[in-house]
Amino acid sequence: MSYAYLFKYIIIGDTGVGKSCLLLQFTDKRFQPVHDLTIGVEFGARMITIDGKQIKLQIWDTAGQEAFRSITRSYYRGAAGALLVYDITRRETFNHLTTWLDDARQHSNSNMVIMLIGNKSDLESRREVKKEEGEAFAREHGLVFMETSAKTAANVEEAFINTAKEIYEKIQEGVFDINNEANGIKIGPQHSPTNPSLPGAGGAGGSQGSSCC
Amino acid sequence: MAFLEWRKFHFFDLKKDVDEGKIAELFKESKVTVTCSGNNHIVLGDSNGQIFLCSRSWHVRTFRAYELTVELAHQLRNSPLLVTIGQDETGINPLIKVWDTSRFDKNGTPFCCRISRAIPGNRPVHASCLCVHEGAQLMAVGFVDGSLVLYRGDITRDRSSKQKLLRDASSTVTGLAFKTTSTNIFLFLATDSAVMVYNITHKDKEVKFHLDNIGCAKKCSVLAESMIESHFMVGRNDAIYCYTADGRGPCYAVDGEKVMLEWFRSYLVIISKTTRPNLAITNDNQSAPSQGDLITVLDIHNKFIVFSATVSSIRSVLNEWGAFYILDNDNRLYHLDEKDLQSKLSLLFKKNLYDVAIRIAKSQQYDSDGLVNIFRQYGDHLCDKGDYVGAIEQYIKTIGKLEPSYVIRKFLDSQHIEKLTMYLEALHKQGHATEDHTTLLLNCYTKLNNTVGQSNSLKEFILMKEGDLNYDVDIAIKVCRQGSPAEALMLAKKHEKHDWYIKLQIEDHQKYVDVLDYISNLTFENAEFYMKKYGNILIQNAPYESTQFLKRLCTNYNSHNSLDNSLVGSFELSQKSDPEDYIHLFLNNSERLVEFLEYLIGEGCILSTPVYNTLLEHYLHVWGNLENVSERNKYAQKTLKLLQNPDIKYDKSQALVVCHMHSFSEGILYLYEEQKLYQQILRHHITKNDTSSILACCRRFGHQEPTLWVQALWSCVRDTKNPPIDLLNEILTVIAKERLLSPQLVVDALGTGSVDITLGHIRSYLTNELQQEQKKTKEISDLTHNYRKDTEKLKEQLETLKSGTIVIQGSRCAACHHPLELPTIHFLCQHSYHQHCFQSFCEEENECPACQPENKNLLELLKAREYNKDLHETFHSQLEKAQDGFSVAAEYFGRGVFNKYKVIRDEVRETAPADKIEKKRVVEPEVRNYGLGAEARLRQVEKQGQVLIPTSEGRVRVQEHRYSSSLEAKNRRVRVQEHRYSSSLEANISNYVPKSYERKREYSGDIAGTNPFESDYDESKNPFASEDDDYDENNPFRDDCDKNSNPFYK
């Protein structure tokens, strides 16, 4: 499938906040009530359209457990966006946000777009973290905030797409260096100005190829 | 942390020593340096440069590939090509050799297609990694110094192959893999310190793409194919990292220092070093090696660890023949055999891991029956655990295979009604619901409505779109009818179950007018049908509206719907229903019916006879029930108009009956007249005692049916107390004039009557009658007298014939009218002939040819009578048919039916040819020889016989005689011809004798009573035969005789 841009996302957050479910809902449009723990990093991809452009989202769904932190850390780099997820029915997941955020900021490139997600909004009766608190946290740290429900699919699409939009805007503003793979953005084959497969660009193909890494 | 790895199962069996130590034998002296597999054999290379090809039955073929050592080998999966890298000389001088293992030379060495040096640039470097594309067009060799050489072109040939140095770096190449997508070919490369991918789709345009900065050890990378997206997997100490051509993919956290990765189907085999020797399952009784290798098999797709065991140091993992083979450092071969699906599943069932089982079963394309079984077991399990919702979800997946009753039974408890509903809904959605299921579901809905107030669900279910209609509407209606009538009605309307709708409205809601509205919206056929069906109830309960509707239906029906759409309406021919079908609906409502039918007639409908009949009947019914005189008159007028309308084809007799029933005399009379039942009219008048009408009637119809008068007479006499004289007189006059009744009967009639009728009343009649009688009597007696006289004359003649002398005076031949000359023949009839004339003329030699035709006629007449005499049946039938039986009898008398002259005639016949043939007078005593005068004598006898006839009969006979003679005259000409013909015949005398003998024979037969003439008598030749048959009918004298002249008549 051809795409204009490839954005890489990472989903982070405490264990059990519903990261895998968000991904499943976004990629497969389904909800699995019982989900095995994520061991390592799982992976999903989906095409979306922004501004008339096909954009492929590659999403790393990381394990939330501390034991895997070292593995998951390596994925921060090379991600253009991050979904920082907490569970609105468990305050401690909200409390850990600072840790996660610090971790992410430390290991990722500075331009990474981070979206704060308060998941499980369908469980209003068991809510422990007010929406306002989430909003306040997001404001404080310069994040985009959204409450979602992976179960009802509420706001799931929006969360991913809004993030993608923000990245796209940043690209348009020139904030991202799109030629740097480490930023988590890749230009699609047909949009690459240095696409070696294009006839006529053949001569420079080899050197261009090597220069982009 | 407890759950840092995937769930663990044992889906593989590890079997030791599958090769029975054969491989260990081979490598007693040397060391295995390289292993690979493919194309149905395992390839092992040893440190001495030998290569071993092991077949499945562990048959080994050995050949020397290199002088010194084999370093790398790659066997293509599906072709016999084997690529090896090894040393032929000391020093660093790796050689690539390509072998075709399907072609062996004499020494058992496979054909070596190619030998070329593997050198990046000009440096002598050890090769560390070899990879060949399955298409045999691409080959990559990695070197210890990090350089990578890509060979393009047919690998089996030196010439066409072009090599290219792609990389020149410092870290050792540890892994290589080709990956082909539909559009691109990628080469994955792993080194000690990095992972990268080359897009090598286009020659000389290879694009490098850096994937990661961390590398892996040798053998610790593998291309995982057969997944949706192939991953290049790299094993590191903390986890297995996956890479796609786009970048990093997922990663699976598996602890341990990885030694080797292998990919097989959807399993990833990881060999890692373990520090837990106690887990080793080696059965060596020696002390378990402290540094065992841990085999972990991951099911990447389902995310399980499907096998895990420890084996002492593993050299390699080979996958061939659908299974793993593991070779350890002691050259023992282990077989890692996957359990079959059933045992895997049962393993999972034991652990109640149904969801896992389902996942596995699905991923292995388990058949649907098996899956259903798993779903059911899972459902049962969840049920037992009390998770009914979950159970139902599982059960829903069994729909179509599992008998629904199994599930329904489990959830029949009212507590589970919601789940049951869910199940049933699913059942309906999938179209497996039966009537009972629908019923149950609807009942569930209604129950839910009552308890929880979820009235919507029922409505939603009912009002599903047409497309997803998955229940039987009829049943749904039936069920809803009890629980929630409104829904039932809705349902019926929605699905156009008109019958149900109407039924519900009528029976449950008594909304008759609504029903009519509803029906009027239907199409003609439907409207007609339902009106027929429910019209009765509707008319009873909503007579006015129903009648209006029926009028519309029978004249010009357009459903309201089509009226809205005038365009369509104009194209549609308006349809009419047959009113006859609706008449019975108005059973007790004559007025409505009359209104209905009048409307129809007014509209100019052509109605059928029964309709008119009914209308008539109901007119009269209404007429009969009306009190008001003017109203009655109005109706009477209407009725008469109806009766007189020639367009209206009612059944007259039925109309008559109806008129009678309602004693509607105008109608009755009209109908009588129509039907020409004048007698009935008369009778009607008589019963009404309306003498003037009687007379008028008689006068009017008397000429058409004279008996009316007689009847009038009888009625006068019998019924009327005081018959008006003028009436009686008129009747009598007409009777007398028309001779309708004999005076005797008239007198009788008058006498029998209970009424006083004086002689004065009928005097004139009687005198008239008597005078006429007298006149007639006189005429008859005159006639009798004449007959007598004739008879006398005839008698005298007879006497003279018998006893007197007859002078034959004829001087001329009757035939030729020339003077007679001898020999002559004389007849008593005064005819004389020359003999030759006679012979040429005569038919029979003893008859006078001149008289013969007449005689013959007479004879035939007699014969016919004779013949008729035996026709008893004709006689009886005539007797029965005849008005006057006596006259018939008399006539038969006249024909001599009862006479016995037959005998006489026989004699005559017998004795006739007296002069020529010897006669046989055997039987009859009275035989006389008449000689030549036989004919005349015959006639005489006849006359004699006639004398015996009674006078009256005689008179008849005379008439007959006259008649027949006149006829005879007519026929004479024909006769003459016959004569000629017969004379020519008779000329042949030789024939003559046998003829007479024939006669004799006939005669003897006659003793038995048969008429000898019968055989001769040819009906067809006899011109009278037909006349005789017709005689009774056609005789012009007969009528006269019967009616007027016969004195015995009356």
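Counting restarts for each chain: residues are numbered from 1 in the order of the written sequence. Just so you know, chain letters begin at A and ligand numbers begin at 1, following the order they were written in. With pLDDT at 70 or above as the cut-off, local features in this predicted model cover only qualifying residues; side-chain atom pairs require 80 or more to be listed or tallied, and sums for whole chains, interfaces and linings still use all residues. Working from all heavy atoms in the structure, the side-chain values ignore hydrogens and water.

In the nomenclature of an unreviewed UniProt entry, chain B corresponds to Vacuolar protein sorting-associated protein 11 homolog from the organism Tribolium castaneum. Within the UniProt record for chain B, the comment given under Sequence similarities (unreviewed entry) is "Belongs to the VPS11 family." UniProt positions are given in the numbering used here, feature names are shortened, and annotations may be inferred rather than shown by experiment.

Chain A goes by Ras-related protein Rab-2A in an unreviewed UniProt entry, where it is assigned to Zophobas morio. Among the UniProt annotations of chain A, the heading Sequence similarities (unreviewed entry) holds the following wording: "Belongs to the small GTPase superfamily. Rab family."

Draft legend 1. Broad picture of the overall build of chain A. Counting from the N terminus, the helices are DSSP H or I runs at least four residues long and the strands are E runs at least two residues long. Looking only at helices and strands, one finds 7 helices and 7 strands in chain A. Along chain A, helices and strands appear, N-terminal first, in the series β-α-β-β-α-β-α-α-β-α-β-α-β-α. Accessibility here uses a 1.4 Å probe with only protein chains present; expressed as a share of the type maximum, an area under 20% marks a residue as buried, one over 50% as exposed, and anything in between as partly exposed. Counting the 213 residues in chain A, one finds 53% classified as buried. Here, residues are in contact when the closest pair of their heavy atoms is within 4.5 Å. Considering only residue pairs separated by 6 or more positions, chain A has 73% of its internal contacts joining residues 24 or more positions apart. Residue-level accessible areas treat just the shown protein chains as cover; the underlying method is Shrake-Rupley with a 1.4 Å probe. Here chain A has roughly 8,900 Å² of accessible surface; of this, 48% comes from carbon and sulfur atoms.

Draft legend 2. The sheet that holds strand β10 (residues 110-117) of chain B, seen in detail. Residues and elements named next belong to chain B. Read across the sheet, 4 strands follow the order β7-β8-β9-β10 without closing on themselves; strand pairing throughout is antiparallel. Of all the strands in the sheet, the pair left with one neighbour each is β7 (69-75) and β10. On average, adjacent strands in this sheet sit at an angle of 25 degrees to one another, irrespective of strand direction. Two strands are said to pair when DSSP picks up at least two bridges between them. As defined by bridge partners, β7 adjoins strand β8 (residues 81-87) across 6 bridges and the pair is classed as antiparallel. Within β8, the residue paired with Val70 across the bridge is Gly86. The angle between two axes is taken between their N-to-C directions and runs from 0 to 180 degrees, where each axis is a line fitted to C-alpha atoms and a helix contributes only its stretch in contact.

Draft legend 3. Looking closely at the interface of chain A and chain B. Contacts between the two partners involve 29 residues from chain A and, on the opposite side, 29 residues from chain B. Taking both partners together, chain A and chain B bury about 2,500 Å²; carbon and sulfur atoms supply 55% of that area. We define a salt bridge as a side-chain nitrogen of Lys or Arg found within 4 Å of a carboxyl oxygen belonging to Asp or Glu. Connecting chain A to chain B are 0 salt bridges. Under this definition, polar contacts are N or O atom pairs within 3.5 Å; protein pairs additionally need one hydrogen-donor-capable and one acceptor-capable atom, and for neighbouring residues in sequence, both atoms have to be side-chain atoms. In this structure, the connection of chain A to chain B is made through 4 residue pairs in polar contact (both at pLDDT 80 or more). Secondary structure elements with two or more residues in the side of chain A that touches chain B: β1 (5-13), β2 (40-50), β3 (53-62), α2 (69-76) and α7 (202-211) of chain A. It is β2 of chain A that provides the largest number of residues to the side of chain A that touches chain B, a total of 4 residues. Class assignment for the residues of the side of chain A that touches chain B results in 14 nonpolar, 8 polar and 7 charged. The buried area of a pairing is the accessible area, by a 1.4 Å probe, that goes missing from both parts when the two are put together, added over both. As a working rule, the residues Ala, Val, Leu, Ile, Met, Phe, Trp, Tyr, Cys and Pro are called nonpolar, Asp, Glu, Lys and Arg charged, and the rest polar, with Gly in that last group.

Draft legend 4. Highlighting the packing of helix α1 (residues 19-28) of chain A against helix α6 (residues 156-173) of chain A. Residue and element names in this part refer to chain A. For the pair α1 and α6, the least separation of the axes is 9 Å and the interaxial angle reads 85 degrees. Here α1 lies roughly perpendicular to α6, going by the angle between them. Residues Leu22, Leu23, Gln25 and Phe26 of α1 lie in contact with α6, whose contacting residues are Val156, Glu157 and Phe160. Of the residues assigned to the contact of α1 with α6, the class counts are 5 nonpolar, 1 polar and 1 charged. What sets the label is the angle itself: under 35 degrees gives roughly parallel, over 145 gives roughly antiparallel, 65 to 115 gives roughly perpendicular, and the rest give oblique.

Draft legend 5. Spatial organisation of the side chain of Lys8 of chain A. Its location among the elements puts Lys8 of chain A in strand β1. Given a relative accessible area of 5%, Lys8 of chain A falls into the buried group.

Draft legend 6. Here's a closer look at unusual backbone geometry. Residues and elements named next belong to chain A. Unusually for a residue other than glycine, Asn155 sits at a positive phi of about 65 degrees. Among the secondary structure elements, Asn155 is positioned in the loop between β6 (144-147) and α6. For Asn155, a relative accessible area of 28% gives the class partly exposed.

Draft legend 7. Region of interest: the packing of aromatic side chains. Pairing of aromatic rings covers Phe, Tyr and Trp, the last counted by its six-membered ring, and requires centre-to-centre distances within 6.5 Å; plane angles under 30 degrees mean stacked, over 60 mean edge-to-face, and any other angle means tilted. Scanning all chains against the criterion turns up 15 aromatic pairs over all chains. Taking the centre distance of 6.4 Å and the plane angle of 15 degrees together, the rings of Tyr86 of chain A and Phe145 of chain A count as stacked. One end of the pair, Tyr86 of chain A, is in strand β4 (residues 81-87); the other, Phe145 of chain A, is in strand β6, with 59 residues separating them in the sequence. Looking at Tyr86 of chain A, the relative accessible area reads 0%, which means it is buried. Between Phe12 of chain B and Tyr267 of chain B, the ring centres sit 5.3 Å apart and the planes meet at 80 degrees, which makes this aromatic pair edge-to-face. With a gap of 255 residues between them, Phe12 of chain B in strand β2 (residues 12-15) and Tyr267 of chain B in strand β24 (residues 267-273) connect regions that are remote in the sequence. Against the face of Phe111 of chain B rests Arg103 of chain B, its NZ or CZ located 4.0 Å from the ring centre. A ring has a charge above it when a Lys NZ or an Arg CZ is no more than 6 Å from the ring centre and no more than 35 degrees off the ring normal.

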